[in-house]
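# Descriptive structure summary
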Amino acid sequence: MNLQLLQTKGFASDNWSGVSPEVMEALQLANQLHHPSYGENDPMMQQAEKRFQEVFEADCKVFFVYNGTGANVLAVQHMLKSWQAVVAPHSAHLNEDEGGAPEKFTGGKILTVDCPDGKIRPDQVVPFLNSIGFQHHVQPKLISISQVTEMGTLYSLQEIKALTDYAHEHGMYLHMDGARIANAAVALDVSFSEMVSQTGVDVLSFGGTKNGLMFGEAVVFLKPELAEGFEYNRKQGMQLASKLRFITAQFLTYLEDDLWKRNATQANAMARLLADELQQIEGIKLSRAVEANGVFALMPEKLIPQLQKEYFFHIWNESQNEVRLMCSFDTTAEDVHGFVAAAKRLLK
Ligand SMILES: Cc1ncc(COP(=O)(O)O)c(C=O)c1O
């Protein structure tokens, strides 16, 4: 078979990478004999939930789904009635990159806030409180944050706690979109328990695909009572995998021997290296703080298409020639140096 694969790795996104060898091995191991479908009476599913409970140091409920959009949409849908709303940064994946799926499946509204660094603060939620109890307005019930944010930035534990406290004081819940949660935990040097359970997050979309899994994410309810009926929502939402074992086996490997940590450490370190190297090139300027595995930079307009031919990446903001460079678990120093050398050569 002749597969038309790219010849360089590029920096388009952390889901352009392949699968960790350990995950591939787990998929092979899971591919034996027969095994219960849908996670029902499935010892592997029970083992996985137990592992999540250990990692989160909480009696959490775990539901595997296919993708991050599915995790976010179902988490939000489950927490809201159709007349309730989720408050989120305008830049949230939920708002900008899920094709209207949240609106379609929740029937509700996303109340957005402009957050230049991707992070929402409690005082930005205040104006929405005026609507509470007013029958003509949607009722804010959930705040959604992304950790890492879409701008590559991070909430500190204090910032997360301030938001969960604020949400709870006002009868709301907090959802975390953790598509890049491993990169965040590594960057902050904290455990998942410290970042999520101990800050009071209610429901989490736990990502895996962007850090070495083939596919699969998890919706984690930190308080089990909040999960009631979620299995029906997942089924109605078409995110119940019949051969669920292939997601479960990946997560078991991912959480074993700190694979998640090793992968995210590499991706974050390569982003740091890339940022340090790019900073030294005249004509290129970093445009945002580099806090996890994403680097945002301003580049001369002419350079962008030339460089993209050698190492593909996405333009983030066309009007400012701002690009986004994502590092993956398999990005190497050689990839970074190759990219930097190409930029220097093309700028001459
Ligand atoms: C912040 C964030 N949330 C969620 C997702 C999940 O998306 P998908 O449905 O493509 O798995 C992504 C992927 O780009 C993301 O960047």
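Residues numbered from 1 in each chain as written. Predicted model: local features only at pLDDT ≥ 70, side-chain atom pairs only at ≥ 80, totals over all residues. Heavy atoms only, no water.

### Points about the pairing of strand 11 (residues 322–326)
In terms of burial, strand 11 is a largely internal element, five of the five residues being buried. Across the two faces of strand 11 the burial is the same, with E322, R324 and M326 and V323 and L325 all buried. One ladder, built from five bridges, connects strand 9 (residues 294–298) with strand 11; its direction is antiparallel. Bridging across to strand 11, A297 finds its partner in V323. As paired strands, strand 10 (residues 314–317) and strand 11 are joined by three bridges and run antiparallel to one another. From the neighbouring strand, I315 faces strand 11, where its bridge partner is V323. Once strand 10 ends, the chain turns through four residues before running back antiparallel as strand 11, passing N321 with a positive phi of about 50 degrees. (Buried < 20%, exposed > 50% of the residue type's maximum accessible area, 1.4 Å probe, protein only. Helix = DSSP H or I, 4+ residues; strand = E, 2+ residues; numbered from the N terminus. Pairing = 2+ DSSP bridges.)

### Notes on unusual backbone geometry
Cis rather than trans, the peptide bond between Q147 and V148 has omega equal to 0 degrees. Look at Y38: it is not a glycine, yet its phi comes out positive at around 60 degrees. The partly exposed category is assigned to Y38, whose relative accessible area is 31%. One non-glycine residue, D258, lies in the positive phi region at around 55 degrees. Here D258 lies in the loop between helix 11 (245–254) and helix 12 (259–279).

### Here we look at the pattern of salt bridges
Under the definition given, this model contains 12 salt bridges. With a shortest N-O distance of 3.0 Å, R121 and D117 are connected by a salt bridge. R121 sits in the partly exposed class, given a relative accessible area of 31%. On the basis of relative accessible area, D117 is assigned to the partly exposed category, the value being 24%. (Salt bridge = Lys/Arg side-chain N within 4 Å of Asp/Glu carboxyl O.)

### Concerning the domain arrangement of the chain
Under the domain assignment used here, the chain contains domain 1 (21–257) and domain 2 (259–347). Here the C-alpha centroids of domain 1 and domain 2 sit 28 Å apart. Taken residue by residue, the interface counts 23 residues in domain 1 and 19 residues in domain 2. Overall, the association of domain 1 and domain 2 removes approximately 1800 Å² of surface from exposure, summing both partners, and the carbon and sulfur fraction of that is 57%. When residues of domain 1 are sorted by the area they lose upon contact with domain 2, M151, N183 and V186 head the list and together hold 26% of the total. A salt bridge links R262 to E22; its shortest N-O distance comes to 3.3 Å. Remark: the boundary between domain 1 and domain 2 carries 11 residue pairs in polar contact (both at pLDDT 80 or more). When contributions to the side of domain 1 that touches domain 2 are tallied by element, the ones reaching two or more residues are helix 1 (21–30), helix 8 (181–188) and helix 11. (Domains from an automatic or database assignment. Contact = heavy atoms within 4.5 Å. Buried area = accessible area lost by both parts, 1.4 Å probe. Polar contact = N/O pair within 3.5 Å; in protein donor to acceptor, adjacent residues only side chain to side chain.)

### Here we look at the side chain of T199
Structurally, T199 is set in the loop between helix 9 (192–197) and strand 6 (203–206). Within polar-contact distance, the side chain of T199 engages the backbone oxygen of V196 at 3.1 Å. In contact with T199, not counting residues within four places along its chain, are L157, I160, K161, T164 and E194.

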